[in-house]
Amino acid sequence: MKLLLDTNAFFWYVQDSTRLPAVWRDEISDLSNEVFFSAVSSWEISTKRTKGKLAFSGSPQKVATKNAFAMLPIQASHCEVAAELPDHHKDPFDRLLIAQAQVEGLVIVTSDAIFKKYGVRTLRT
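Criteria and thresholds
Residues numbered from 1 in each chain as written. Predicted model: local features only at pLDDT ≥ 70, side-chain atom pairs only at ≥ 80, totals over all residues. Heavy atoms only, no water. Helix = DSSP H or I, 4+ residues; strand = E, 2+ residues; numbered from the N terminus. Rg over C-alpha atoms; globule rule 2.2 N^0.38 Å. Buried < 20%, exposed > 50% of the residue type's maximum accessible area, 1.4 Å probe, protein only. Contact = heavy atoms within 4.5 Å. Areas by Shrake-Rupley, 256 points an atom, 1.4 Å probe, with all protein chains shown as cover. Lys, Arg positive; Asp, Glu negative; His and termini not counted. Charge placed at Lys NZ, Arg CZ, Asp CG, Glu CD. Salt bridge = Lys/Arg side-chain N within 4 Å of Asp/Glu carboxyl O. Polar contact = N/O pair within 3.5 Å; in protein donor to acceptor, adjacent residues only side chain to side chain. Core = buried A, V, L, I, M, F, W, Y, C linked by side-chain atoms within 4.5 Å. Pairing = 2+ DSSP bridges.

**A word on the overall build of the protein chain**
Alright, step 1. Within the protein chain, the regular secondary structure consists of six helices and four strands.
Alright, step 2. Going residue by residue from the N terminus, the α and β elements of the protein chain occur as β-α-α-β-α-α-β-α-α-β.
Alright, step 3. Taking 14 Å as the expected radius of gyration for a compact globule of 125 residues, we find that the protein chain reaches 14 Å, a close match to that expectation.
Alright, step 4. When the backbone C-alpha atoms are referred to their principal axes, the protein chain occupies close to 35 × 35 × 25 Å.
Alright, step 5. Counting only residues that meet the buried cut, the protein chain has 42% of its 125 residues in that class.
Alright, step 6. Sequence separation of at least 24 residues holds for 61% of the intrachain contacts in the protein chain that already meet a minimum separation of 6.
Alright, step 7. With the model as given, the accessible surface of the protein chain reaches about 6900 Å², and the carbon-plus-sulfur share is 51%.
Alright, step 8. Distance from the positive charge centre (15 side chains) to the negative charge centre (14 side chains) of the protein chain: 5 Å.

Structural data, given as structure tokens:
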């Protein structure tokens, strides 16, 4: 399975938070799955940290690399699809993650129920 981590799922995984469902931890840790960390999440974490809304030390990209997650850059096609999405979700970071999942055919690891309105596959708890 090819998984795309929502920013919260990434944060909870690397922080070893109890908020991350055990089934997600198992799937993320399963070496037969390819797990992607998006540049979108790096941007979101860095932005929220700068604004004092999130405590995260170090480089999100380096933490993702240390956890053997594949890097998913932002492509023009992702931006174009995100701009055309219905207005179910207002968060620009999440809209871009949804577009990436659609374009790349990825399963999103997220607790955000709104993602399903876009027809993307999400990992069940």
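This is not the end of the story, as more comes after the structure.
**Notes on unusual backbone geometry**
Phi is mostly negative for residues that are not glycine, and the peptide bonds are mostly trans.
Alright, step 1. Phi angles above zero are rare outside glycine, and Asp16 is one such case at about 55°.
Alright, step 2. Along the polypeptide, Asp16 turns up in the loop between helix H1 (7-14) and helix H2 (22-29).
Alright, step 3. The exposed category is assigned to Asp16, whose relative accessible area is 58%.
Alright, step 4. With a phi angle near 65°, Ala68 is a residue other than glycine that sits in the positive phi range.
Alright, step 5. Structurally, Ala68 can be placed in the loop between helix H4 (60-66) and strand S3 (70-72).
Alright, step 6. Owing to a relative accessible area of 65%, Ala68 belongs among the exposed residues under this scheme.

**Topic: the pattern of salt bridges**
Alright, step 1. For the structure shown, the criterion picks out four salt bridges.
Alright, step 2. For Asp87, the salt bridge goes to Lys90, with nearest N and O atoms at 2.7 Å.
Alright, step 3. What makes Lys90 exposed here is its relative accessible area of 60%.

**As for the side chain of Asp94**
Alright, step 1. Here Asp94 lies in helix H6 (residues 92-104).
Alright, step 2. The side chain of Asp94 is buried and forms no salt bridge, while Lys48, the nearest opposite charge, is found at 7.1 Å.
Alright, step 3. A polar contact is formed between the side chain of Asp94 and the side chain of His89, at a distance of 3.2 Å.
Alright, step 4. Contacts of Asp94, omitting those with residues within four sequence positions, involve Asp6, His89, Asp112 and Phe115.

**So, the nonpolar core**
The nonpolar side chains of a soluble globular protein tend to be buried, and buried together.
Alright, step 1. Counting 19 residues, the largest nonpolar core has Leu5, Phe10, Leu20, Trp24, Ile28, Phe69 and Val109 as its most contacted members.
Alright, step 2. Among the elements of the structure, strand S1 (2-5), H1, H2, strand S2 (34-38) and strand S4 (107-109) are those that each provide at least two residues to this core.
Alright, step 3. With sequence-adjacent residues up to four places away left out, Val109 is seen in contact with Leu3, Leu4, Leu5, Asp6, Ala9, Trp24, Ile28 and Leu123.
Alright, step 4. Core analysis: the second largest hydrophobic core is formed by 17 residues, Val40, Leu96, Leu97 and Tyr118 among them.

**What to know about the pairing of S1**
Alright, step 1. Bridging between S1 and S2 involves three bridges; their strand directions are parallel. Looking across to S2, one finds that Leu3 is bridged to Val35.
Alright, step 2. Across three bridges, S1 lies against S4 in parallel orientation. Looking at the pairing, Leu4 lines up with Ile108 of S4.

These figures capture arrangement, not role.
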